[in-house]
Amino acid sequence: MLEPKKRWLIQEVDEQTVEKMVRESGLNPLIARLLAIRGIKEKEDIERFLNYDIMMLYDPFLFTDMKKAVDRIFTAIKKGEKILIYGDYDADGVTSTTIMYKTLKQIGANFDYYIPNRFSEGYGLNKEALVEAAKKKFQVVITVDTGISAIEEAKLAKQLGLDLIITDHHEPKEILPDAFAIINPKIPEETYPFKLLAGVGVAFKFAHALLKRIPIEYIDIAAIGTIGDLVPLVDENRIIASIGLERLTKTKHIGLRALLDEAGLKDKKITTGHVGFGIVPRINASGRLETADYAVKLFITEDQELAKELAHVLGSMNQERQGIVEDITQEAFEIIEKEEMENDKVLVVAKENWNVGVVGIVASRILEKYYRPTIVLSVDPATKMAKGSARSIEGYDIYQALTRIKDILSHFGGHKQAAGLSIEEKNIPLLRDKLNQLAEEWLSEEDYIPIEKIDMVCNLDQITIPFIEQIEKMEPFGIGNPSPKWLIEQIEVARTSTIGKENQHLKMILTNQNKTIEALAFKMGDLNKEIAASSEIRVLGELNINEWNGEKKPQIMVQDIHIPHLQIFDWRNSRNQVERLKELDHENVVILYDEKVNEDISIFQLAKKISYQNVRKSDLSAIQQIVLYDLPPNISIMEEIIMKLQEAKKLYCIYENFVHTKYRLDKMPTREVFKQVYTVLKKYPNINQKGKAEHFFKKLGINIETFQFILDVFQELGFIIVDGDFLTLHPNPEKKELMQSFLYREFLEKEKVKEIFVYSNSKTLRNWFLNKFHRN
């Protein structure tokens, strides 16, 4: 048995709705079901999702303040006024700044850009930067991916004579900034039809309005910010991401080409995964460690050599960032263990001088391991202020939690599952207590087990190249349109192995009666020892096509595993049985042995050891792992043991010594052989000397071991008298069946034991145990 790490939830869909979608739109039933699960059910929405086109983008002037903002920019150009682009330091902010930079350059504006420093200025529009802008004679400030919460800063801008145009996508507060214009689909009474644009999506729409055409040349840049900001890939975001990905491979932006090359993505078909894990982290690294200016300069440069140099700088920064994240994560784990926080409902970890730029990533890592709402704080030893990031789980709205305790916070902001905050160091214990109290109120024990939503159930025979190609029609996948999750059942594990430099990944060959498919489970290499060959397994994962040397094969990318039955580990022929046993958690293992064969198995010091001879007196109901160190003396004792097992998950068959009898016979002699021996001894009384008899019977094809066994059975039954080396038939033996001989019955029992536990193959052995266990 192997329990899944997550709660599996098979998503339900109305079958009549699916049938209607198939009928009206001519959809493949598979695609119709997947779309219905994602809430895309109406014919117009289906058409927009599957057959997207650049011309489906909405008119940017549907934004309430768009015309006002555009007119102000052209007035500034006409008057020669200076315009400042005020950006942000993440991938969304960098790409937003880039698009606005390139657009203003196209229309002949007099402009510059500014990105605040994460460490010295923090997130968002700040007063010092506005004062400096006024000093430098800027008349217009355009924010991108920021500004919607800048109430006080907007007042200052007005006082300084700066016309503030806010382009943002974040949730507004109750009061809006008093800006010249606000372009944000989420503000109250905004009529723009799509509310879920990224910051770069809003900047792209502003560029569309300024250029009076769709800026297709910037859509690849917009795709990076859209994917990087994890907005739902539906409606306009899907159009931007899809077309942008198509154009990325042949991008004309010199800096972007250099970045793709640095990430090893040159000339490849770019996917959301490539962007999310290859491009975005490199962009973010500059803002996390130093300044995002490196990233902006890379995106706007027209110099190939400079682009190559800057791309390499971002690559190096990303490697450095990875190292810093790893170090802080390990330190955080140590703090959690040292301070015994593992059972806290909410984890709050703090330390001096952690890099503020990466604490959000560290919080995600901690959440991934413990599945608890997590806050990671870096304390400034000089000011005694702590800054940090929060990540949360389903059911615990971290933004609402922080709102409840805002009186102890210096600053906070965010949404349901992620937030940023600052707090005085002395208030950290109070923060921990209050957040844990809220978790007691809001969460049940079940909430601490993550949910994995399953789109559909399928079997191995359904997984074909055409099947997967149908699914790929729904790309690009991401938030709002996740890659479909499949529950694959009715399969067995043919074999497992580990791959990767540190054997950190698990590779499985899964099979049914008709088909075999390869399955990969990243970062699950530790499960290699937890899965027995021939186990019936349920796998949750995604499907893809593995192409190698021109050959295409279906492949399962495993995300979770469930083995619902007792697992039988067949280690009978393993060369290093004892060494493998030593690797088990001995405190949770019971070793069953035959005291007639093994008097001492003290090498397993911590394990509980029970002999077959004493097993009837033992309580095995709570035992989860059992080792059959020796063969059971008989079938019935093994059946009794199985009856006692109620919680068993793993059973290991070792049989370190399985010769339980003094007779080295391959099999029980037949009744004809017994009869032949008796008849010959009766017919030829002169071979009454044992040595002669052995020699005589050897010529007849009956070896010494077989002859000795038959003699012992005859002697027990009273058919023959053995006196030293001489044999004499009993003159008037009592008529008895061979089964009346204890030796005969014992040998038969040993034969049955060997047939089941020694001579059987792995699958037969497993089936025997499972049949008995299920009857229990």
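As the structure is a computational prediction, the values presented were derived from the model and not from experiment.

Here is what the cut-offs are and how they apply
Residues numbered from 1 in each chain as written. Predicted model: local features only at pLDDT ≥ 70, side-chain atom pairs only at ≥ 80, totals over all residues. Heavy atoms only, no water. Patch = residues over 30% accessible without salt bridge, like charges linked within 9 Å, V, L, I, M, F, W, Y side chains within 5 Å. Areas by Shrake-Rupley, 256 points an atom, 1.4 Å probe, with all protein chains shown as cover. Salt bridge = Lys/Arg side-chain N within 4 Å of Asp/Glu carboxyl O. Lys, Arg positive; Asp, Glu negative; His and termini not counted. Charge placed at Lys NZ, Arg CZ, Asp CG, Glu CD. Helix = DSSP H or I, 4+ residues; strand = E, 2+ residues; numbered from the N terminus. Buried < 20%, exposed > 50% of the residue type's maximum accessible area, 1.4 Å probe, protein only. Contact = heavy atoms within 4.5 Å. Core = buried A, V, L, I, M, F, W, Y, C linked by side-chain atoms within 4.5 Å. Pairing = 2+ DSSP bridges. Axes fitted to C-alpha atoms, helices over the stretch in contact; angles between N-to-C directions. 1 Å grid on protein atoms, 1.4 Å probe; cavity = no way out; pocket = protein on both sides within 12 Å on 5 of 7 lines; lining within 4 Å. Points joined across faces, edges and corners; volume = space filled by probe spheres on them. Nonpolar A, V, L, I, M, F, W, Y, C, P; charged D, E, K, R; others polar. Expected span 1.5 Å × (residues − 1). Phe/Tyr/Trp six-rings, centres within 6.5 Å; stacked < 30°, edge-to-face > 60°. Lys NZ or Arg CZ within 6 Å of the ring centre and 35° of its normal.

### Here we look at a negative patch on the surface
Consideration 1: Residues Glu24, Glu42, Glu44 and Asp45 make up a contiguous surface patch of negative charge.
Consideration 2: In this structure, Asp45 sits in helix 3 (residues 43-50).
Consideration 3: Judged by its relative accessible area of 39%, Asp45 is partly exposed.

### Brief notes about the pattern of salt bridges
Pairs can form between side chains of opposite charge once their charged atoms are near each other.
Consideration 1: All chains considered together, the criterion is met by 29 salt bridges.
Consideration 2: Notably, a salt bridge pairs Asp178 with Lys158, separated by 2.8 Å at the nearest N-O pair. Pair noted here: Asp178 is in the loop between strand 5 (163-167) and strand 6 (181-183) and Lys158 is in helix 7 (residues 151-159), with a separation of 20 residues, a long-range link.
Consideration 3: The class for Asp178 is partly exposed, based on a relative accessible area of 43%.
Consideration 4: By relative accessible area, which is 54% here, Lys158 ends up exposed.
Consideration 5: Across the pair Glu639 and Lys772 runs a salt bridge whose closest N-O atoms are separated by 2.8 Å.

### Some points on the side chain of Arg321
Consideration 1: Take Arg321: it is sitting in helix 14 (residues 304-338).
Consideration 2: Lacking a salt bridge, the buried Arg321 has Glu326 as its closest oppositely charged neighbour, with an N-O distance of 8.6 Å.
Consideration 3: Sequence-distant contacts of Arg321, defined by excluding residues within four places in its chain, comprise Pro281, Ala285, Arg288, Leu289, Val358 and Ile361.

### Considerations on the nonpolar core
Consideration 1: Grouped together as the largest cluster of nonpolar side chains are 79 residues, with contacts concentrated most on Ile73, Leu104, Ile142 and Phe206.
Consideration 2: With 9 residues, the top contributor of residues to this core is helix 8 (residues 199-211).
Consideration 3: With residues near it in sequence (within four places) discarded, Leu104 still touches Ile73, Ile83, Ile85, Ala109, Phe111, Ile142 and Leu210.
Consideration 4: Of all hydrophobic cores here, the second largest spans 44 residues; its members include Met21, Ala32, Ile37 and Leu510.

### Side note on the environment of Asn688
Consideration 1: With respect to the helices, strands and loops of the structure, Asn688 is situated in the loop between helix 21 (671-683) and helix 22 (690-699).
Consideration 2: Distance from Asn688 to Val722, taken between C-alpha atoms, is 9.6 Å for residues 34 residues apart in sequence.
Consideration 3: The contact partners of Asn688, leaving out residues within four places of it in the chain, are Asp725, Phe726 and Leu727.

### Quick look at the sheet that holds strand 7 (residues 347-352)
Consideration 1: One open sheet holds the 5 strands; their spatial order is 7-8-9-11-10, and the pairing between them is mixed. One side of each edge strand has no neighbouring strand; the edge strands of this open sheet are strand 7 and strand 10 (411-414). Geometrically, the sheet is characterised by an average inter-axis angle of 15° between neighbouring strands, direction not taken into account.
Consideration 2: Relative to strand 11 (residues 418-424), strand 9 (residues 385-391) is paired through 7 bridges, and the arrangement is antiparallel.

### Comments concerning the layout of surface pockets
Consideration 1: When its volume is computed, the second largest pocket comes out at roughly 530 Å³.
Consideration 2: For the lining of the second largest pocket, the elements supplying multiple residues, two or more each, are strand 14 (486-499), strand 19 (567-570) and strand 23 (650-657).
Consideration 3: Of the residues forming the lining of the second largest pocket, the biggest block, 5 residues, is contributed by strand 14.
Consideration 4: Taken together, the residues of the lining of the second largest pocket break down into 10 nonpolar, 6 polar and 9 charged.

### A look at helix 10 (residues 235-248)
The periodicity of an α-helix, 3.6 residues per turn, causes residues three or four positions apart to be oriented the same way.
Consideration 1: Here helix 10 contains 14 residues, and its C-alpha end-to-end distance of 20 Å stays within 8% of the 20 Å for a straight helix at 1.5 Å per residue.
Consideration 2: Burial within helix 10 is extensive, with 11 of its 14 residues counted as buried.
Consideration 3: Listing the buried residues of helix 10 in full gives Glu236, Asn237, Arg238, Ile239, Ile240, Ala241, Ser242, Ile243, Gly244, Leu245 and Leu248.
Consideration 4: Lining the buried residues of helix 10 we find helix 3, helix 8, helix 9 (219-228), helix 11 (254-262) and helix 12 (272-289).

### Some words on the packing of aromatic side chains
Consideration 1: Using the criterion set out here, one finds 25 aromatic pairs in the structure.
Consideration 2: Plain terms: the ring middles of Phe674 and Phe714 are 5.9 Å apart, the flat faces sit at 65° to each other, and that makes the pair edge-to-face. Placement of the pair is Phe674 in helix 21 and Phe714 in helix 23 (residues 704-717), with a sequence separation of 40 residues. Across this residue pair, the class does not change: Phe674 and Phe714 are buried.
Consideration 3: A ring pair is formed by Phe757 and Phe769, whose centres lie 5.6 Å apart and whose planes are at 45°; its orientation type is tilted. Here Phe757 is found in helix 24 (residues 742-757), whereas its partner Phe769 is found in helix 25 (residues 762-775), with 12 residues between them in sequence. Neither residue differs from the other here; Phe757 and Phe769 are each classed as buried.
Consideration 4: By the ring-pair criterion, three or more aromatic residues cluster together here, those being Phe674, Tyr678, Phe709, Phe714, Phe719, Tyr744 and Phe747.
Consideration 5: For Lys82, the ring lying beneath its charged end belongs to Phe138, and the centroid distance is 4.4 Å.
Consideration 6: Between Arg238 and the ring centre of Phe49, over which it is positioned, the NZ or CZ distance is 3.6 Å.

### Structural notes on the pairing of strand 24 (residues 720-723)
Consideration 1: Both strand 24 and strand 25 (residues 726-729) contribute to a ladder of 4 bridges, which runs antiparallel. In the strand pairing of strand 25, Val722 is matched with Leu727.

### Remarks on unusual backbone geometry
Consideration 1: Here the bond from Glu475 into Pro476 is cis, since omega is 5°, no more than 30 degrees from zero.
Consideration 2: As for its position among the elements, Pro476 is in the loop between helix 18 (465-472) and strand 14.
Consideration 3: Positioned with a positive phi, Asp235 is a non-glycine residue whose angle comes to about 50°.
Consideration 4: Here Asp235 is to be found in helix 10.
Consideration 5: For Asp235, a relative accessible area of 23% corresponds to the partly exposed category.

Everything listed is a geometric property; what it means functionally is a separate question.
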